Amino acid sequence: MAKFLHNFCLRSPRIKTSTMSDKDKEKQAKAAKEAKPETIDETEVVEAEVVDVDPVDEADETEALKKQLAEAQAALDKEKREYVFLLAEFDNYRKRAGREKSEIIRNASEKAMKDLLPIVDDMERGIEANKSSDSAEAIKEGLQLIYNKLVKYLENNGVKPIESTGKNFDPDLHNAIAMVPTDDPDQKGKVIDTPTKGYTINDKVLRHASVAVGQ
């Protein structure tokens, strides 16, 4: 019987067991460890990033900012001084221009009055001559000379009479003081009479002509 069992064991195939030896377990654990991806330490990454940035010298940066501020303040002070200077110059110019304008107006008035004096002299001489003369013709001629001299003076100063009688009524030049009925259709809307002459000075109306208009 013992011999039979011995022969049976030799002839039967050996059954592999699933039992793993300690050595095999160590190999398997080592292989699993090597296959596992490495984890990155966030602390190390942060520290590496901080190390990569160049350090800034705060003292130098403060001095640079102070220098820039001082330069900007100096430029602002310069602009302010120039502005005050220009403002004072403009104020002086305004005052000077005002004085010059007043002087021009005053001098122009003086010249106008001075040029009228010879006409006044002629009128005074005419009045004196009339006292000792009974000739109406001499008086008439004297008045005509004074009138012509006065008209010439006005023309020299840009003053000219406005032509009215026989012209179409123009509200920019004429001031209608009367409407005169007329049977002549050619006279309708025209100036029939000019009781008071109008004048322009340098092509600007100095006084409108007072006229009677046909209707």
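A quick note: this is a predicted structure, and the numbers were derived from the prediction, not measured.

### Section: the sheet that holds strand E3 (residues 191-196)
Here three strands make up an open sheet; going across it, the order is E2-E6-E3 and the pairing mixed. Pairing within the sheet leaves two strands with one partner each, and these edge strands are strand E2 (174-180) and E3. Neighbour-to-neighbour, the strand axes of this sheet turn through a mean angle of 30°, independent of strand direction. Where E3 meets strand E6 (residues 209-214), three bridges bridge the pair, whose relative direction is antiparallel. Bridge assignment links Thr-196 to a residue of E6, and that residue is Ser-210.

### A closer look at the pattern of salt bridges
Considering all chains together, one arrives at seven salt bridges under this definition. For Asp-91, the salt bridge is made with Lys-95, and the minimal N-O distance between the two is 3.3 Å. Taken as a pair, Asp-91 and Lys-95 lie in helix H4 (residues 58-131) at a separation of four residues, close to a single helical turn. Since its relative accessible area comes to 25%, Asp-91 is described here as partly exposed. Here Lys-95 falls in the partly exposed class, since its relative accessible area comes to 42%. Its salt-bridge partner being Arg-125, residue Asp-122 comes within 2.4 Å of it at the nearest N-O pair. Of the two residues, Asp-122 and Arg-125 both sit in helix H4, three residues apart, roughly one turn of that helix. By relative accessible area, which is 18% here, Asp-122 ends up buried. The class for Arg-125 is exposed, based on a relative accessible area of 52%. Residues joined in a network through salt bridges with shared partners are Asp-91, Arg-94 and Lys-95.

Definitions and cut-offs
- Residues numbered from 1 in each chain as written.
- Predicted model: local features only at pLDDT ≥ 70, side-chain atom pairs only at ≥ 80, totals over all residues.
- Heavy atoms only, no water.
- Pairing = 2+ DSSP bridges.
- Helix = DSSP H or I, 4+ residues; strand = E, 2+ residues; numbered from the N terminus.
- Axes fitted to C-alpha atoms, helices over the stretch in contact; angles between N-to-C directions.
- Salt bridge = Lys/Arg side-chain N within 4 Å of Asp/Glu carboxyl O.
- Buried < 20%, exposed > 50% of the residue type's maximum accessible area, 1.4 Å probe, protein only.

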